[in-house]
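Below, each chain spelled out in residue letters.
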Amino acid sequence: MAWFLVQVLKRFRGQAYQMAQNKGANMGSIYIQSFVDVSTYYETALEPGCLRVTDESLKAVGESCIRDLNLGGCYLITDLGLEYLADGDLKNCLQHLNMAECNQISDNGIIFLKSMAALTELSLSKCGVHVTNYAIADVLSHLSNIEILDLSWLVNVTDISLLAIGSKCVKLQKIILTGCEAISAEGLRAFSGHQTLKRLELFSCYNFSWEDVESVALTCTKLEYLGLMKRIKTPTPEFSFDYLQIQHNRCGIDWDEDSDFLFW
């Protein structure tokens, strides 16, 4: 029965989205509302696409109880849309939220995410210069269930945010900090002794040395992967290690040597 419902929902989603493409300006909201009406109680992932998805569209989503919400690239969403998402039942159900490239949002909207205590995965990649430590540190101090966190290319995220993440996100397994150029060895040390961290990506981050990385990594007994730049601060290793032995665990290392890491 569950499989049948999922197939029906997928088919309905495709038909509704095609109708939105064909009809015009207000159909984005109608598409979202129609899909949520059907899927609310089946915890089915909602992937609305971004055709005319606006703040108004998210009112219905906020009243649903889905677990997965992909709004990546929905550039029309503003802080008001985040307020709508946090205003209904969704805040008690949502586990995975992707808001990558929603670059009209700011700290004033991000702050509403701290009510979504069930979140285990959050992406705010490339959400722009108006997302800063002010909101990131506060929100992630309240989201203790986070396991996967993508803050890549948030240039105004600094050590202050990492200190909050390292101490409060005790279930964290993967964090992507690519392009967060302001972070330094002090922020990196926030993860010293972290009990669950498995993957740490630090591409296009330069304000620490190999010794800083090694001193932290050797205390993270679950660490399996490090992503680093070869141009990190000196002293750097005489050769680029492919792995780091951490007690009984081998942590693989990727070294990027491109001087202009591609912004994707």
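So, here is what we can say about the structure in this document. Remember, it's a predicted structure, so these values are computed and weren't measured experimentally. (Residues numbered from 1 in each chain as written. Predicted model: local features only at pLDDT ≥ 70, side-chain atom pairs only at ≥ 80, totals over all residues. Heavy atoms only, no water.)

Structural notes on the state of the cysteines
Line of reasoning, step 1. Summed over the entire model, instances satisfying the criterion amount to one disulfide.
Line of reasoning, step 2. For C65, the disulfide goes to C93, at an S-S distance of 1.7 Å. Measuring the twist about the S-S bond at about -65°, one finds the C65-C93 disulfide to be left-handed. Of the two residues, C65 sits in the loop between helix 3 (58-62) and strand 1 (68-70) while C93 sits in helix 5 (residues 90-93), which places them 28 residues apart along the sequence. (Disulfide = S-S within 2.5 Å. Helix = DSSP H or I, 4+ residues; strand = E, 2+ residues; numbered from the N terminus.)

Description of helix 10 (residues 210-217)
Line of reasoning, step 1. Those residues of helix 10 that sit buried are W210, V213, V216 and A217. The buried side chains of helix 10 occupy one side of the element, clustering within an arc of 135° when seen end-on.
Line of reasoning, step 2. Turning to helix 10, the residues buried within the fold contact helix 9 (185-188), strand 7 (225-229), strand 8 (243-246) and strand 9 (249-256). (Buried < 20%, exposed > 50% of the residue type's maximum accessible area, 1.4 Å probe, protein only. Arc of directions from axis to C-beta. Contact = heavy atoms within 4.5 Å.)

Here's the deal with the pairing of strand 9
Line of reasoning, step 1. Relative to strand 9, strand 7 runs parallel, the two being bridged by five bridges. Its bridge partner lying in strand 9, L226 is registered against I253.
Line of reasoning, step 2. As paired elements, strand 8 and strand 9 share four bridges and run antiparallel to each other. When the sheet's bridge partners are listed, Q245 is paired in strand 9 with R250.
Line of reasoning, step 3. Hairpin connection, strand 8 to strand 9: the antiparallel pair is bridged by two residues, and Q247 has positive phi, about 55°. (Pairing = 2+ DSSP bridges.)

Observations concerning helix 8 (residues 159-168)
Line of reasoning, step 1. Taken residue by residue, helix 8 has D159, S161, L162, A164, I165 and G166 as its buried positions.
Line of reasoning, step 2. In this structure, the buried side of helix 8 is in contact with helix 7 (133-140), strand 4 (148-150), strand 5 (174-176) and helix 9.

Let's talk about the pattern of salt bridges
Line of reasoning, step 1. Evaluated as defined, the whole model comprises three salt bridges.
Line of reasoning, step 2. A salt bridge links K59 to E56; its shortest N-O distance comes to 3.4 Å.
Line of reasoning, step 3. Of the residues examined, K59 reaches a relative accessible area of 38% and is grouped as partly exposed.
Line of reasoning, step 4. Overall, E56 belongs to the partly exposed group, its relative accessible area being 46%.
Line of reasoning, step 5. In this structure, E201 engages R199 in a salt bridge whose closest nitrogen and oxygen atoms are separated by 2.7 Å. (Salt bridge = Lys/Arg side-chain N within 4 Å of Asp/Glu carboxyl O.)

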